[in-house]
Amino acid sequence: MSESEQWQAKWHGVQDVLGPKWTLHILRLLSEGPRGFNAVQRELDGLTAPMLSRRLKELRCHGLVERQVADTTPPSTSYSLTEQGREIATRLRELEPLFELHGRGDGSETDGCSTTSQECRGEALTTGCVTADDGC
């Protein structure tokens, strides 16, 4: 396998693991500490229980999240990052300063957002846009 094929295969793998909707949000939230299922769902507005269940199962399968069940009545379940999950979340959080969040002004225009950035990912942030820190 050539060097080009190797890095492309790795990047496809990164996309497969981190690309599904809500995955990055869950990793970011769990980087702050363990959470129960309902706490994760409450903190991530718009995330449904079936989707959260699916994503947590995938992240456990990939070795990034672990599930702990406490012997209580009723049983209490919490989710936390594994060592590998913490490493990935730490590196992802290091990217946050490279992006800038712009909010809407009066609702008619998006302040600080170029037309291109508005067109690119309008479905991701309906109340603004994200641009690379150095501008678009």
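Residues numbered from 1 in each chain as written. Predicted model: local features only at pLDDT ≥ 70, side-chain atom pairs only at ≥ 80, totals over all residues. Heavy atoms only, no water.

## Overview of the overall build of the chain
Counting its regular elements, the chain contains six helices and five strands. Considering the chain as a whole, with its 136 residues, one finds that 24% of them fall into the buried category. A fraction of 45% describes how many contacts in the chain between residues 6 or more apart in sequence connect residues 24 or more apart. By element, 51% of the accessible surface of the chain is carried by carbon and sulfur atoms, the whole surface being about 9500 Å². (Helix = DSSP H or I, 4+ residues; strand = E, 2+ residues; numbered from the N terminus. Buried < 20%, exposed > 50% of the residue type's maximum accessible area, 1.4 Å probe, protein only. Contact = heavy atoms within 4.5 Å. Areas by Shrake-Rupley, 256 points an atom, 1.4 Å probe, with all protein chains shown as cover.)

## Considerations on the pairing of strand β2 (residues 65-70)
By the bridge criterion, six bridges tie β2 to strand β3 (residues 76-81) in an arrangement that is antiparallel. The partner of Glu66 across the bridge, within β3, is Ser80. Linking β2 to β3, which pair antiparallel, is a turn of five residues. (Pairing = 2+ DSSP bridges.)

## Some points on the side chain of Thr23
Tracing the backbone through its elements, the reader meets Thr23 in helix α2 (residues 23-30). Of the residues examined, Thr23 reaches a relative accessible area of 1% and is grouped as buried. Not counting residues within four places of it along the chain, the set of residues in contact with Thr23 comprises Val17, Leu18, Arg55 and Leu59.

## Topic: the nonpolar core
Grouped together as the largest cluster of nonpolar side chains are 18 residues, with contacts concentrated most on Ile26, Leu30, Val40, Leu44, Leu47 and Val65. When residues of this core are traced back to their parent elements, those giving at least two are α2, α4 (49-61) and β3. Beyond its immediate sequence surroundings of up to four residues, Leu47 is in contact with Trp22, Ile26, Val40, Gln41 and Leu52. (Core = buried A, V, L, I, M, F, W, Y, C linked by side-chain atoms within 4.5 Å.)

## Some points on α4
For α4, which comprises 13 residues, the first-to-last C-alpha distance of 18 Å matches the rise-based estimate of 18 Å (1.5 Å per residue) to within 8%. For α4, every residue scored as buried is listed here: Met51, Leu52, Arg55, Leu56 and Leu59. Axial view of α4: buried residues confined to an arc of 130°, hence all on one face. Exposed and oriented more than 90 degrees from the buried face of α4 are Pro50, Lys57 and Cys61. If you follow the buried residues of α4, they end up packed against α2, α3 (37-43), β2 and β3. Immediately beyond the C-terminal end of α4, within one or two residues, lies Gly63, with a positive phi of roughly 80°. (Expected span 1.5 Å × (residues − 1). Arc of directions from axis to C-beta.)

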